[in-house]
Amino acid sequence: MTGSLADPNGFAPHPHPGVILASATSTNQLLAQQWRNFDPFTFLAAREQSAGHGRLGRPWLAPASSALLVSILAPVPAGPADPALTALAAALATADLVAEELPSASITLKWPNDVLLAGQKVAGILTEYLTESEGQHQVVVGVGLNLTVPEAILSQFGATSLAAHGWSHATGTAVPDSVLADLAERLAQLLARRVSRLDQVPAEFSERCPMLGQPATALLPGGGEVSGLARAITATGELVIGQTPVRAGEVTLAKKKEQI
């Protein structure tokens, strides 16, 4: 279940359901360029990325084969709710995968797209929308899940890894390709399941989101901020703070004065 770039502009033929590259600039970027070569819910993963990033362009740092760095093509029915709901569905799918690997762990979600393990970030999701055709959005869902990333790196960001909570499927920090492929394939299956029932996503996300009911502040992408009680997640995926639905923003809990 491995593959390589045939040339700078295309992929070599690869087996279903995905491909693992030795390295990539960004799996999201490559899949966005070559998504027509991929069937729905196939994956593109890399042992390491040189230009991987999360929301707001933040870099995602991980030594080779120490994290699941994967992008999945997720066609979803076109509609006004889909952009926000697909990000929430991806966070739920990633939380499902972590729960399968660590059944007794405490796994929660931060709106809109972070997965927390024992209160610390273990995974982040970046969704990018490509085009709308034949009644569907073509969405690239990028996931970075810390597997064996060293504590010296994670501590800089208040993050954690599966290995820090007893996960042991590697020798040292290097996770075998077979394990990466298994995780990527299962994540793609979990994502397909979540996307198939987008109408259930807000309620299921809310059940795992402890920030609801807490005083919060959202820094909005265009400037300005909204503060108040984080009350609910709407049917279209927004976070309601006070009386204001927030579609995108950087959210902090007011009483802790720190990012969660």
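Quantities reported herein were computed from a predicted structural model and do not represent experimental measurements.

Novice: Sorry, what's going on with the overall build of the protein here?
Specialist: Across its full length, the protein holds 5 helices and 15 strands. Restricting to contacts in the protein with at least 6 residues of sequence separation, those with at least 24 account for 62%. About 11,300 Å² of surface is accessible on the protein, with carbon and sulfur atoms providing 52% of the total.

Novice: Looking at this structure, how should I read the pairing of strand S4 (residues 43-46)?
Specialist: The side chains of a regular strand alternate between both faces of the sheet. Side chains Phe-43 and Ala-45 project from S4 onto one buried face, and the interleaved Leu-44 and Ala-46 project onto a second face that is buried too. At this point the chain moves from strand S3 (residues 18-21), through helix H1 (residues 27-34), to the parallel S4, and the crossover so formed is right-handed. For S4 and strand S5 (residues 67-77), the ladder comprises 4 bridges, and the chain directions are antiparallel. The residue bridging Phe-43 from the neighbouring strand is Ile-72, located in S5.

Novice: Is there a simple way to think about unusual backbone geometry in this case?
Specialist: Leaving glycine out, the prevailing phi sign among residues is negative, and the prevailing peptide bond configuration is trans. Here the residue pair Trp-111 and Pro-112 is connected by a cis peptide bond, since its omega of 5 degrees sits within 30 degrees of zero. For Pro-112, the location among the structural elements is in the loop between strand S6 (107-110) and strand S7 (114-117). Unlike most non-glycine residues, Phe-41 shows phi in positive territory, near 65 degrees. Along the chain, the position of Phe-41 falls in the loop between H1 and S4. A relative accessible area of 18% means that Phe-41 is categorised as buried. Backbone geometry places Ser-65, a non-glycine residue, at a positive phi of 60 degrees.

Novice: Sorry, what's going on with the environment of Ala-192 here?
Specialist: Residue position: Ala-192 is located in helix H4 (residues 177-195). In sequence terms Ala-192 and Pro-40 are 152 residues apart; their C-alpha atoms lie 8.7 Å from each other.

Novice: What is the right way to look at the nonpolar core in this model?
Specialist: The tendency in soluble globular proteins is for nonpolar side chains to be buried side by side. In terms of nonpolar packing, the biggest core is built from 62 residues, with Leu-68 and Leu-145 touching the most fellow members. Residues Val-19, Trp-35, Phe-38 and Ala-46 belong to the second largest nonpolar core, which totals 11 residues.

Novice: Help me understand the pairing of strand S10 (residues 215-219), please; the structure alone is not making it clear to me.
Specialist: Where S10 lies against strand S11 (residues 225-233), 5 bridges are found, and the strand directions are antiparallel. Residue Leu-219 lies in a different strand from S11, and its bridge partner there is Glu-225. Between S10 and S11, which pair antiparallel one after the other, the connecting turn spans 5 residues, and Gly-223 there sits at a positive phi close to 105 degrees. Sheet topology note: the S10/strand S14 (residues 250-253) ladder contains 4 bridges and is antiparallel. Paired with Thr-217 across the bridge in S14 is Thr-252.

About the cut-offs
- Residues numbered from 1 in each chain as written.
- Predicted model: local features only at pLDDT ≥ 70, side-chain atom pairs only at ≥ 80, totals over all residues.
- Heavy atoms only, no water.
- Helix = DSSP H or I, 4+ residues; strand = E, 2+ residues; numbered from the N terminus.
- Contact = heavy atoms within 4.5 Å.
- Areas by Shrake-Rupley, 256 points an atom, 1.4 Å probe, with all protein chains shown as cover.
- Buried < 20%, exposed > 50% of the residue type's maximum accessible area, 1.4 Å probe, protein only.
- Right-handed = clockwise from strand over helix to strand, strands pointing away.
- Pairing = 2+ DSSP bridges.
- Core = buried A, V, L, I, M, F, W, Y, C linked by side-chain atoms within 4.5 Å.

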